[in-house]
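# Examination of the molecular architecture
As a plain string of letters, each chain reads:
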There are 2 protein chains.
Amino acid sequence: MAKKILGIDLGGTSVKMAIISLEGEILEKWTIATNILEEGKHIVPGIIQSIQEHLERYQLSKEDFLGIGMGSPGKVDAEQGTVIGAYNLNWRTLQPIKEAFESAFGIPFYIDNDANVAALGEQWKGAGNGARDVVMFTLGTGVGGGVVTNGQLVRGFGGAAGEVGHITVDTETGFDCTCGKKGCLETVASATGVVNLARQFAEEYAGDSPIKKAVDDGAVSAKDIFDAAKEGDYFANEVVTKFAKYLGLACSHIANTLNPSAIVLGGGVSAAGEFLLEKVSEYYYAYTFPQIRDNTHIMLATLGNDAGVIGAAQLVRLQVGE
Amino acid sequence: MAKKILGIDLGGTSVKMAIISLEGEILEKWTIATNILEEGKHIVPGIIQSIQEHLERYQLSKEDFLGIGMGSPGKVDAEQGTVIGAYNLNWRTLQPIKEAFESAFGIPFYIDNDANVAALGEQWKGAGNGARDVVMFTLGTGVGGGVVTNGQLVRGFGGAAGEVGHITVDTETGFDCTCGKKGCLETVASATGVVNLARQFAEEYAGDSPIKKAVDDGAVSAKDIFDAAKEGDYFANEVVTKFAKYLGLACSHIANTLNPSAIVLGGGVSAAGEFLLEKVSEYYYAYTFPQIRDNTHIMLATLGNDAGVIGAAQLVRLQVGE
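Residues numbered from 1 in each chain as written. Chains lettered and ligands numbered in written order. Predicted model: local features only at pLDDT ≥ 70, side-chain atom pairs only at ≥ 80, totals over all residues.

### Let's talk about the overall build of chain A
Counting its regular elements, chain A contains twelve helices and twelve strands. For a compact globule of 322 residues, the expected C-alpha radius of gyration is about 20 Å, and chain A comes in at 20 Å, within 12% of that figure. Considering chain A as a whole, with its 322 residues, one finds that 53% of them fall into the buried category. Pairs at least 24 residues apart make up 62% of the contacts formed inside chain A by residues separated by at least 6 positions. (Helix = DSSP H or I, 4+ residues; strand = E, 2+ residues; numbered from the N terminus. Rg over C-alpha atoms; globule rule 2.2 N^0.38 Å. Buried ≥ 20, exposed ≤ 12 C-beta atoms within 10 Å, placed from the backbone. Contact = placed C-beta atoms within 7 Å.)

Below, the structure is given as structure tokens:
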């Protein structure tokens, strides 16, 4: 029987797990709630128990698996297989994840941060379609990212490659970022970033707009702004244009440096879909070297919530060299 | 006897060649003039003949070599081993370089563009000191670059990775670039780019300065401007500050995306040395994610004119997998 891979996508509210073929097909998948009580000490035992139950149910044993892959929030040490500072899991201290899984299952275990793992998923089976050079932006509460070159994840010297949310896109009047810098992409292209732009524009915009009123009332989301823009609201469209300019600029930096096959946009903000893609691409092409513009395109992520488990499986494949 | 590598650095005025050990030591090196007459048709035969003469002189044969590596101007197809559009060599049509060398010597031949090859040289034996993740900017007449991640050269999907000179650093009032875009790094950080900045500032600067006078007379070089800045000339210092801001910003984009061990500055403009490094680093650190700032540093290239031949040897090593 062909080997399989176990993929785990660990998040602050739920843990997604899947049994995946070497070709990237999801054979079984299930989800459990993340129990973050008592400094998150039940998380790993809970995942292990759930996997053991499912292996039993499907009459599978460790011999059926090439390995286990996991994407996690926080600061992940891929080499040691540890996580620290994952605050949405209540993991403040160093968690020896790899050790726990390898002693429970006796098969190879690999872990990386969730943004890198999602990028691997989209590179392998999503918008990247298996290409060797793919970069992903995850536009959510913050902006994360992952970089794949020559078919391998780029971790960088300090393990912090892919911090594309902290590319400086405004050197003059940029918003303060939680990282301590100013003008980071995250301050204008995350869900809260879009609202930052709307608030700023509301201060200078004298015209009338239902969405401007909602901004003034402090009751607006990125989705509201994109929805209003799609319906032709001038105020909202101006905000989306600013967003698109900054994100298009950041994408052009990636393209001019790496010339990947695809720059993939995922995460909640990217749900604005083709409308968003078109606006961002307009600025992106204007800022990108002509020879690269012809073959590096921005694409929407296609895997949705499956990117994490599929990417976790790809992490195993790349490490094991399958 | 341990195998050696032949490294060739093909330029518009001279061809540098070297016999290099697998450890990157230059054992012999020599230079011939580049004969670009008759559409550059004498270039490859001239190099082959010169190598044959030197192998005879040193009593070496093809069995002594792992392969031949070459860096070339123009658009290089690394897979096919061809070059096209190298105008400073008069090579307008497709040149089957690999074919010519392999039929002459019967050993593997690898070629890449000169900026990529210089980056490999600095990565292996220069400022990169063998690190797996190194990016180089070559600040010359234009601005070129090369990207090494996970110990491998990044060519990208269309072979145009490393076009860091076309990173857009000014979206508002940028200078026109030869590539057709506006505000490219090359328009402010190359030798002519520094002069562009000086001319622009001369128009708004009312004060007195010998270097401003030279700018107005149209007789100033990037070197003059850096020299004057070092001597405390206010006008020149303002120009260098603008240059440093743009280059520091572009370096920060690389760092935030790839977190390499080193971002190496080479080429003629980088001869301004520590003075330049300090100014660029100041802006670079301000624009770089704190966790990355701690371990990705900007460094000056150390190999000078040897980067090309050493990088050509590294190209062979990486391809052969030594």
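Moving on, there is more to tell.
### A look at the domain arrangement of chain A
Taken domain by domain, chain A consists of domain 1 (4-112) and domain 2 (127-302). For domain 1 of chain A and domain 2 of chain A, the distance between their C-alpha centres works out to 30 Å. (Domains from an automatic or database assignment.)

### So, the interface of chain A and chain B
Tallying the contact residues gives 38 residues for chain A and 38 residues for chain B. Those elements that place two or more of their residues in the side of chain A that touches chain B are β9 (143-149), α9 (234-258) and α11 (290-293) of chain A. The element that contributes the greatest number of residues to the side of chain A that touches chain B is α9(A), accounting for seven residues. Among the residues forming the side of chain A that touches chain B, the class breakdown is 17 nonpolar, 18 polar and three charged. (Nonpolar A, V, L, I, M, F, W, Y, C, P; charged D, E, K, R; others polar.)

### Topic: the relation of the copies chain A and chain B
The two copies are related by a screw operation: chain A maps onto chain B through 180° of rotation and 0.0 Å of translation along the axis, at an RMSD of 0.0 Å. As the rotation angle and translation indicate, the two copies are arranged about a two-fold axis. Of the residues that chain A buries at the interface, 100% are likewise interface residues in chain B, meaning the two copies contact each other through the same surface. (Least-squares fit on C-alpha atoms with pLDDT ≥ 70 in both.)

### Structural notes on the sheet that holds strand β3 (residues 26-33) of chain B
Residue and element names in this part refer to chain B. The sheet built from five strands is open, its strands ordered β3-β2-β1-β4-β7 with mixed pairing. Two strands close off the open sheet at either side, each with one partner strand: β3 and β7 (109-113). Adjacent strand axes in the sheet meet at a mean angle of 15° when their direction is disregarded. Helix-sheet contacts for helix α2 (residues 43-57) involve β1 (4-10), β2 (14-21) and β3, and the interaxial angle to β3 is about 140°. Relative to β7, helix α4 (residues 114-124) is tilted by about 105°, and along the sheet it contacts β4 (65-72) and β7. (Pairing = 2+ DSSP bridges. Axes fitted to C-alpha atoms, helices over the stretch in contact; angles between N-to-C directions.)

### Structural notes on helix α12 (residues 307-320) of chain B
Given 3.6 residues per helical turn, the α-helix brings residues three or four places apart onto the same face. Residues and elements named next belong to chain B. An ideal rise of 1.5 Å per residue puts 20 Å on 14 residues; α12 measures up with 20 Å between its terminal C-alpha atoms. Burial runs high along α12: eleven of the 14 residues are buried. For α12, the set of buried residues is Ala307, Gly308, Val309, Ile310, Gly311, Ala312, Ala313, Gln314, Leu315, Val316 and Arg317. Gly321 lies just past α12 and shows a positive phi near 80°. (Expected span 1.5 Å × (residues − 1).)

### Some points on the packing of helix α4 (residues 114-125) of chain A against helix α12 (residues 307-320) of chain A
Residue and element names in this part refer to chain A. Between α4 and α12, whose axes approach to 7 Å, the crossing angle comes to 85°. Of the possible angle classes, the one that applies to α4 and α12 is roughly perpendicular. Residues Asp114, Val117, Ala118, Ala119, Leu120, Gly121, Glu122, Trp124 and Lys125 of α4 lie in contact with α12, whose contacting residues are Ala307, Gly308, Ile310, Gly311, Ala312, Gln314 and Leu315. Of the residues contributing to the contact of α4 with α12, the split by class is nine nonpolar, four polar and three charged. (Parallel < 35°, antiparallel > 145°, perpendicular 65-115°, else oblique.)

### With respect to the nonpolar core
Residues Leu185(A), Ile225(A), Leu185(B) and Ile225(B) are the most contacted members of the largest nonpolar core, which totals 206 residues. When near neighbours in sequence (up to four residues on either side) are disregarded, Leu185(B) contacts Val143(B), Val164(B), Gly165(B), His166(B), Ile167(B), Val169(B), Tyr246(B), Leu247(B) and Ala250(B). (Core = buried A, V, L, I, M, F, W, Y, C linked by C-beta atoms within 7 Å.)

### Looking at helix α10 (residues 273-287) of chain A
Residue and element names in this part refer to chain A. With 15 residues, α10 extends 21 Å between its outermost C-alpha atoms, agreeing within 8% with the 21 Å of an ideal straight helix rising 1.5 Å per residue. Taken together, the buried positions of α10 are occupied by Leu276, Lys279, Val280, Ser281, Tyr283, Tyr284, Tyr285 and Tyr287. Looking at the buried residues of α10, the elements they touch are α8 (222-230), α9, α11 and β12 (297-300).

### A look at unusual backbone geometry
Residues and elements named next belong to chain A. The phi dihedral of Asn90 falls on the positive side, at around 65°, and the residue is not glycine. Inspection of the secondary structure assignment puts Asn90 in the loop between β6 (82-84) and α3 (97-105). Among the residues examined, Asn90 registers 17 C-beta atoms within 10 Å and is labelled partly exposed. In this model, Asn150 sits at a positive phi of 50°, which is unusual for a non-glycine residue. Here Asn150 shows up in the loop between β9 and β10 (152-153).

### Some details on the sheet that holds strand β12 (residues 297-300) of chain B
Residue and element names in this part refer to chain B. What the five strands build is an open sheet, ordered β10-β9-β8-β11-β12; its pairing is mixed. Since the sheet does not close on itself, it has two edges, and those belong to β10 (152-153) and β12, each with one partner. As paired elements, strand β8 (residues 134-139) and strand β11 (residues 262-266) share five bridges and run parallel to each other. Opposite Phe137, over in β11, you have Leu265 as the bridge partner. Running at roughly 50° to strand β9 (residues 143-149), α4 makes contact with β8, β9, β10 and β11 of the sheet.

### Quick look at the pairing of β7(B)
Residues and elements named next belong to chain B. In terms of burial, β7 is largely enclosed, as five of its five residues are buried. Bridge count between β4 and β7: five bridges; the pairing is parallel. Residue Ser72 lies in a different strand from β7, and its bridge partner there is Asn113.

### Digging into the environment of Ser252(A)
The residue Ser252(A) is located in helix α9 in this model. For Ser252(A), a count of 28 C-beta atoms within 10 Å translates into the label buried. Measuring from C-alpha to C-alpha, the distance between Ser252(A) and Val148(A) comes to 16 Å, with 104 residues separating the pair along the chain. What Ser252(A) contacts, discounting residues up to four positions off in sequence, is Tyr284(A), Tyr287(A), Thr288(A) and Thr168(B).

### Let's talk about the environment of Trp91(B)
Residues and elements named next belong to chain B. For Trp91, the position within the fold is in the loop between β6 (82-84) and α3 (97-105). Between the alpha carbons of Trp91 and Ile43 there is a distance of 9.8 Å; along the sequence they are 48 residues apart. Setting aside anything within four residues of it in sequence, one finds Trp91 in contact with Gly40, Gly74, Val83, Ile84 and Ala86.

### Regarding the environment of Asn259(B)
Assignment of secondary structure puts Asn259(B) in the loop between α9 (234-258) and β11. In this structure Asn259(B) comes out as buried when scored by C-beta crowding, with 26 C-beta atoms within 10 Å. Sequence-wise, Asn259(B) and Phe289(B) are 30 residues apart; in three dimensions their C-alpha atoms are separated by 9.6 Å. When near neighbours in sequence (up to four residues on either side) are disregarded, Asn259(B) contacts Gly156(A), Phe157(A), Gly158(A), Ala160(A), Ala161(A), Ile292(B) and Thr296(B).

### A short note on the confidence of the model for chain A
One rule of thumb: low pLDDT means the predicted coordinates there are not for detailed reading. Chain-level pLDDT for chain A is 95 on average; 99% of the residues reach the 70-or-more range. In the predicted complex, the global pTM is 0.95; the interface-specific ipTM is 0.95. (pLDDT = per-residue confidence, 0-100.)

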